[in-house]
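# Coordinates in review
Letter by letter, the chains look like this.
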Protein chains: 2
Amino acid sequence: MSDDSSSRIAADLRDWIAAAPPGAQLPATRALVTRYAAGPVTVQKALRILTAQGLVESRPGVGTFVRTVRAARPHDYGWQTAALGAPRNRVTLFSALRTVPNDRIALHSGYPDRELLPERLVRSAFARAARGDAAVNRPPSGGLPDLQAWFATELAAVTPAGVMPPSPSDVVIFPGSQSGLNTTFQSLVGSGRPLLVESPTYWGAILAATRAGVRVVPVPSGTDGPRPEDLARAFRQTGARAFYAQPHFTNPTGGQWNPERSAGVLEVVREHGAFLIEDDWAHDFGIDSVPIPLATRDDAGHVVYLRSLTKSVSPSVRIAAVVARGPARERILADAQAESMYVSGLLQAVALDVVTHPGWRTHLRALGRQLAGRRDLLITAVRDHIPDAHLAVVPRGGLNLWVRLPEPVDLPRLVRDCEDDGVIIAPGDEWFPAEPTGAFLRLNYSGPNPGAFPEGARLIGRALARQR
Amino acid sequence: MSDDSSSRIAADLRDWIAAAPPGAQLPATRALVTRYAAGPVTVQKALRILTAQGLVESRPGVGTFVRTVRAARPHDYGWQTAALGAPRNRVTLFSALRTVPNDRIALHSGYPDRELLPERLVRSAFARAARGDAAVNRPPSGGLPDLQAWFATELAAVTPAGVMPPSPSDVVIFPGSQSGLNTTFQSLVGSGRPLLVESPTYWGAILAATRAGVRVVPVPSGTDGPRPEDLARAFRQTGARAFYAQPHFTNPTGGQWNPERSAGVLEVVREHGAFLIEDDWAHDFGIDSVPIPLATRDDAGHVVYLRSLTKSVSPSVRIAAVVARGPARERILADAQAESMYVSGLLQAVALDVVTHPGWRTHLRALGRQLAGRRDLLITAVRDHIPDAHLAVVPRGGLNLWVRLPEPVDLPRLVRDCEDDGVIIAPGDEWFPAEPTGAFLRLNYSGPNPGAFPEGARLIGRALARQR
């Protein structure tokens, strides 16, 4: 009977399909069950018949649709070339963003592996938030007040007594640090004006600056920070009023500014009536050192502080904060509103839930130990298998090793050869705002399967040897 | 005993506080319970003692902190004025974004009231997503493939047979339509170049264009759309290559382009080798009419289609899609990546879950009926109490009435007077890219408590009468 019923339903639906436009969605199984007074198995069988006849196609999780049988024809979008003009951004997939199959040894990624995330905290925070008001409410443009307060308090807790800590209203919440960088560059620098950056520096910051139409001016920076006199010269020569930097666990070099350089940089910034945009991207990734932001030494509005939770909490919790004071804060808030109106209150509630949970501190301590083990394992692997590579610094935090290769080396070929052998690496060139000053690799030790680090290093060493 | 224990704990904590920096967070109650082997009530009593002594302050939902007792001193951020230069955006809180207390009659909002949201679907989708992979995974920059497919299929289902529907890869997911507008304007127009817009038009679009540095050129548009010859003249005179418009349930006028104007506009856009940026913001808010996007009539890449789910699903689900083809799509994807890297996969999974749930269609049907009742109630109230106000069109969808007031009228004073009387209204001026062509109010019928609409209209009428 079921077979007969299925055929009957299929025949009836065939008439419906003949009258429907290609791509039309069939009623849901549940609705068909009601309409034909048939069981779901019978209805599904009818749909399979229609699928086999090429009349419908089902998209898992979406529904069943009248099959689009249209003559494909080549399109000419040539007219767009004149309308669009030359592009501002490179249309590139950066190495750090690539997703690769599980069987590769992934040393390229910018995101920590799932095993390094506070997965249980995140899941229970989402479950709680699903029941709370944040699921249906709209938060203020600046952010959820309690989350603003948390970011302000985190800075206040390490601010010395002589400095006024920021207040919660100095905090603007963004849907991720990339948006924060974009808006900060646009607000504080603006199209056509110069922005000083460390070289090398985070590729995402270079990208954000390019998008904002900002002119990027590199300042050389070593693993203990830029020399204040180099920075002063760049301010003088370019008339720049802002400097973007990562004083702690710099991406890519893994360096950390020493106290003298930090103090010198702050002084130069103040002298030039300029902003230091401090990107504290690895605040939660300290290994041998707890980073104290430079923002805690300034209450005159010179340091604009960027702090993200995405990498340490979860890639699904796109939450970052920019802490700024005075007119700069007003400017950033206005631009943030123009850019994204407001940030999902539920994501903000989840972020706050995770970082105020007692388990968060426990997680961070365990994370520090895991990162230490992974870092040391990768360093040993590199030393064993790529003996003539040079590691400028053993990073005291962060997620990356910055390895200089002996030259000459054909870096694109090396990256390709390694990929053919199953190891994904990121060429250092992507972190240079101008021409690279050498052949570098950025090797990330927070990816999946650290047990494969030695094999990964061995394969890199072998690919390198082939170029000798 | 409990009293003694509390005092003892408070005394011990006092020593800790004396050594801690101002603003430092005290260990959580749970941790103190363990440390002092005391009950939570005893610990909380100890914290209350310290609070009463002015040593700590508790921030509900965040924790307890060493009180910040610092000498407040005035700050001079004057140096920032030179560093920042003149602002590009007005630092304004737009009426539609304002949150007001519950006892006001709110006719200003841009967001539907909670009772109009599919709250149960949203909560269960979040609960499901909390258990799934989306809670810890990073999606591709373009979006979750299944969600891209859903947006493409929605358009394909109403695309006539002679037109090639978009493919899933033509869809780029954004964290809300404001981000989509920003990136689209930046990608397709660019800083300093002209963008044609309807006048009046959505204030958020004017704001996004300003942020992108785009020069906004208004084209007059009535409730049945702009006249093609006006549009053609504007393209010729300005050299613009893009036109931003809302053909269905235009915000603010509530109009809907008639078929002749739609066809004429598409033809003018094609002739000028230009883009039509179609903002289908009210796709889910049809009342007497189901909007068929103009995007379904173009497969040559002229129409770039913007579709948001935030207003209809939940303000916490900041998800929108831009559908574009050819180089335009490449350009938009590259800029989206530079702007926000990727959108929370969990929010994308929740959006997909809601719109593919059988309850979504049921919800939309009920929503249409609710909006019809609310719209008619507000129209009757306006006719009864503001008899000399003019309503250009009874909107066949959307959330707003566009009411023209008899002149002369002091609009800012009217808005203030109404607010004093407990009715919040939005002055029409915010929707004009240039000088307003009359005194308008935008009255939203999707706010809380529709039962108060007659009283709201009565108070507006009374405030208006005071100006006669």
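Residues numbered from 1 in each chain as written. Chains lettered and ligands numbered in written order. Predicted model: local features only at pLDDT ≥ 70, side-chain atom pairs only at ≥ 80, totals over all residues. Heavy atoms only, no water.

## So, the interface of chain B and chain A
In this assembly, 114 residues from chain B lie in contact with 113 residues from chain A. Both faces combined, the contact of chain B with chain A buries some 9,200 Å², and carbon together with sulfur accounts for 53% of it. If you sort the residues of chain B by the area they bury against chain A, B:Leu84, B:Arg138 and B:Arg211 come out on top, with a joint share of 8%. Taken together, the connections running from chain B to chain A amount to 4 salt bridges. For the interface between chain B and chain A, the tally reads 54 residue pairs in polar contact (both at pLDDT 80 or more). (Contact = heavy atoms within 4.5 Å. Buried area = accessible area lost by both parts, 1.4 Å probe. Salt bridge = Lys/Arg side-chain N within 4 Å of Asp/Glu carboxyl O. Polar contact = N/O pair within 3.5 Å; in protein donor to acceptor, adjacent residues only side chain to side chain.)

## What about the pattern of salt bridges?
Enumeration over the complete set of coordinates arrives at 48 salt bridges over all chains. Between A:Arg227 and A:Glu229 there is a salt bridge, with its nearest N and O atoms 3.4 Å apart. A:Glu229 sits in the partly exposed class, given a relative accessible area of 41%. Taking the shortest distance from any N to any O, the salt bridge between B:Asp230 and B:Arg227 comes out at 3.2 Å. Members of the salt-bridge network, linked through shared partners, are A:Arg413, A:Asp417, A:Asp421, A:Arg462 and A:Arg466. (Buried < 20%, exposed > 50% of the residue type's maximum accessible area, 1.4 Å probe, protein only.)

## Focus on the domain arrangement of chain A
All names here are of chain A. The domain boundaries assigned to chain A delineate domain 1 (3-66), domain 2 (95-117 + 361-465) and domain 3 (119-357). Each side of the interface is counted separately: domain 2 has 32 residues, and domain 3 has 34 residues. Both sides of the domain 2 and domain 3 interface together cover about 2,700 Å² of buried area, and 62% of this is carbon and sulfur. There are 2 salt bridges connecting domain 2 and domain 3. Linking Arg375 and Asp288 is a salt bridge whose minimum nitrogen-to-oxygen distance equals 2.8 Å. Applying the counting criterion to the domain 2 and domain 3 interface returns 10 residue pairs in polar contact (both at pLDDT 80 or more). Of all the secondary structure elements, the ones that give two or more residues to the side of domain 2 that touches domain 3 are helix H14 (358-385) and strand S12 (400-404). With 8 residues, H14 is the largest single contributor of residues to the side of domain 2 that touches domain 3. Residue composition of the side of domain 2 that touches domain 3, grouped by class: 20 nonpolar, 6 polar and 6 charged. (Domains from an automatic or database assignment. Helix = DSSP H or I, 4+ residues; strand = E, 2+ residues; numbered from the N terminus. Nonpolar A, V, L, I, M, F, W, Y, C, P; charged D, E, K, R; others polar.)

## A word on helix H10 (residues 259-271) of chain B
Residue and element names in this part refer to chain B. With 13 residues, H10 should cover 18 Å at 1.5 Å per step; its first-to-last C-alpha distance of 18 Å lies within 8% of that length. Those residues of H10 not exposed but buried are Arg261, Ser262, Gly264, Val265, Leu266, Val268 and Val269. Those residues of H10 hidden inside the fold are in contact with helix H9 (228-238), strand S7 (242-245), strand S8 (275-279) and strand S9 (303-308). Immediately beyond the C-terminal end of H10, within one or two residues, lies Gly273, with a positive phi of roughly 55 degrees. (Expected span 1.5 Å × (residues − 1).)

## Here we look at the relation of the copies chain B and chain A
For these two chain copies, the linking operation is a rotation about an axis paired with a shift along it. The transformation that overlays chain B on chain A combines an axial shift of 0.2 Å with a rotation of 180 degrees, and the residual RMSD is 0.4 Å. What we have between these two chains is a two-fold relation. Relative to the rotation axis, the C-alpha of B:Ala127 is the closest in chain B, positioned 2.5 Å from it. A high fraction, 98%, of the interface residues of chain B reappear at the interface in chain A, so the copies pair face to face through one surface. (Least-squares fit on C-alpha atoms with pLDDT ≥ 70 in both.)

## Remarks on the sheet that holds strand S11 (residues 390-391) of chain A
All names here are of chain A. A sheet is described by the order of its strands in space; here 4 strands give the open sequence S11-S12-S15-S14, paired in antiparallel fashion. Since the sheet does not close on itself, it has two edges, and those belong to S11 and strand S14 (426-427), each with one partner. Looking at chain direction, S14 and strand S15 (residues 440-444) are connected through 2 bridges and run antiparallel. Looking at S15, one finds that Pro427 is bridged to Leu441. (Pairing = 2+ DSSP bridges.)

## Here's the deal with helix H3 (residues 40-52) of chain B
All names here are of chain B. Taking 1.5 Å per residue as the helical rise, H3 with its 13 residues ought to reach 18 Å, and the 18 Å between its terminal C-alpha atoms agrees with that figure. Looking at H3, one finds that the buried residues are Thr42, Val43, Ala46, Leu47 and Leu50. Along the axis of H3, the buried positions cluster into a sector of 140 degrees, meaning they face one direction only. Exposed and oriented more than 90 degrees from the buried face of H3 are Val41, Arg48 and Ala52. After H3 finishes, the residue Gly54 shows a positive phi value of roughly 75 degrees. (Arc of directions from axis to C-beta.)

## Things to note about the packing of aromatic side chains
What describes a pair of aromatic rings is the distance from one ring centre to the other and the angle between the planes of the rings. Considering all chains together, one arrives at 22 aromatic pairs over all chains under this definition. Taken together, a centroid distance of 4.8 Å and an interplanar angle of 50 degrees make the contact between A:Phe275 and B:Trp79 tilted. Note that A:Phe275 is positioned in strand S8 (residues 275-279) and B:Trp79 in helix H4 (residues 79-84), a pairing that runs across two chains. Here B:Trp79 falls in the buried class, since its relative accessible area comes to 18%. A ring pair is formed by B:Trp150 and B:Phe151, whose centres lie 5.1 Å apart and whose planes are at 75 degrees; its orientation type is edge-to-face. For B:Trp150, a relative accessible area of 6% puts it in the buried group. Note on B:Phe151: relative accessible area 2%, which makes it buried. (Phe/Tyr/Trp six-rings, centres within 6.5 Å; stacked < 30°, edge-to-face > 60°.)

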